[in-house]
Each structure stands twice: as structure tokens, then as C-alpha cells.
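Descriptive structure summary
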Amino acid sequence: MQEEDSKLIKGSSSNWEQEFLEQGDDAHIKTAKIRYRCPKCESLLVLKTGANGEFWGCESYPNCDYTANNENGKPVRAKRYFCPACQSPLRKKSFKDNVFWGCSNYPECKVTVEDDNGIPSSTKKYPCRVCGHYLVRKKSKNGYFWGCITYPVCTNTLNDEKGLPVLKKRR
Ligand SMILES: [Zn+2]
Ligand SMILES: [Zn+2]
Ligand SMILES: [Zn+2]
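These numbers were taken from a predicted model, which means no experiment stands behind them. (Residues numbered from 1 in each chain as written. Chains lettered and ligands numbered in written order. Predicted model: local features only at pLDDT ≥ 70, side-chain atom pairs only at ≥ 80, totals over all residues.)

1. Points about the environment of Ser104
By the secondary structure assignment, Ser104 is in the loop between strand S6 (98–103) and strand S7 (112–116). Assessed through the 13 C-beta atoms surrounding it within 10 Å, Ser104 is described here as partly exposed. Here the alpha-carbon distance between Ser104 and Gln87, two residues 17 residues apart in the chain, equals 9.6 Å. In this structure Ser104 touches Ser88, Pro89, Leu90 and Arg91, once residues within four positions along its chain are discounted. (Helix = DSSP H or I, 4+ residues; strand = E, 2+ residues; numbered from the N terminus. Buried ≥ 20, exposed ≤ 12 C-beta atoms within 10 Å, placed from the backbone. Contact = placed C-beta atoms within 7 Å.)

Structure follows, in C-alpha cells:
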């Protein structure tokens, strides 16, 4: 009985290499992942899952903070969008279920822009007739509206209609 057992173990261990070599091409294709290098530090990029879905991050994070968006399994450069008020880059942020774009100059600049499928909903500027700054599209529980970027300094708001601010009608 004991002899049988040792024979079995010996047999299976010597077959391991053979089995490995006899693997079909499918197995090789599945294991050979395409590697992408970080443009900043030349480490490898790894696909990560964050609050906003999959993205590519540098293997040497936190030493290197390079990230790229994931598009069909490839890293793509995140497009840069700029704050309509101070021209600093906008950063994608999330708070609970809401994804939005916030100014990277926060807290000095508190501009936020609504997210629309991964891009800021509108980087167009609409002048605020009250203070001369700009209006940005925002979302509230009652729907979209346009508010002044200098809020709370200026509390001017306009209604939204199909993504554009509607001027208040004088009655
Ligand atoms: Zn890197
Ligand atoms: Zn700003
Ligand atoms: Zn204003």
C-alpha cells in the first residue's frame, strides 16, 4: 500500500514538466500580458480598480504618482481640462455617488464642474451679469442650474435649459 502511494507521487511530479510543455497556445496567450511602461519613471504600469473604475497606475506608487485612463485595456493619457476661473487643471473627484471635476487650486479656488461621461460637462464660460465672473453648470437635487464661480461671494444663479443657462425673464 505504501509503495503504491510513493509511486503515484513520483509519477505525478515527473509529469508536471511534460504537462507544462504540452500546454496549448491558448495558455501562452492568456498568460502573456502586454506590458506598458510608466513614461515618468520607466516602471511597469499596472491596471488598478478605483472608485471611478479601472485605471492604470505606476508600479512604484506612491513614489511615482503617474496614472492613465483605461481604454479597451490600454493606458490612455488623461485629457487635461482647465478651470474656467483660474486656468489651473481640473481634477476628477468623487464624493459618494457623485463624480465631478474640481479645481486643482482648491481650496483657493472652489470651482467644480459636473462630470459628463468622464469629461467636464461644460468648460464653456458664461459671463455672470452680476459680478463679471463666470457661471458654471451645477447639479442640485432639483436638477441642473448655473451658478457663479465666485459663490458664495456672488450668489447669482440661472436656470438650465438643455445645458445652457437661461436668462431670467423680467416680468
Ligand atoms: Zn512611474
Ligand atoms: Zn480654479
Ligand atoms: Zn457672479
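From this point, things continue past the structure.
2. A word on the nonpolar core
As a rule of thumb, soluble globular proteins bury nonpolar side chains together. Counting residues in hydrophobic clusters, the biggest one holds 12 residues: Cys83, Leu90, Trp101, Cys103, Val111, Val113, Cys128, Leu135, Val136, Trp146, Cys148 and Ile149. Within the residue set of this core, elements represented by two or more residues are S6, strand S10 (134–140) and strand S11 (143–148). When near neighbours in sequence (up to four residues on either side) are disregarded, Cys83 contacts Ser88, Leu90, Cys103, Asn105, Cys109 and Val111. (Core = buried A, V, L, I, M, F, W, Y, C linked by C-beta atoms within 7 Å.)

3. Quick look at the environment of Cys64
The residue Cys64 is located in the loop between strand S2 (53–58) and strand S3 (67–71) in this model. Residue classification places Cys64 among the partly exposed residues on the basis of 15 C-beta atoms within 10 Å. For the pair Cys64 and Cys41, spaced 23 residues apart in sequence, the C-alpha separation works out to 7.2 Å. Those residues in contact with Cys64, other than ones at most four positions away along the chain, are Cys38, Lys40, Cys41, Ser43 and Cys58.

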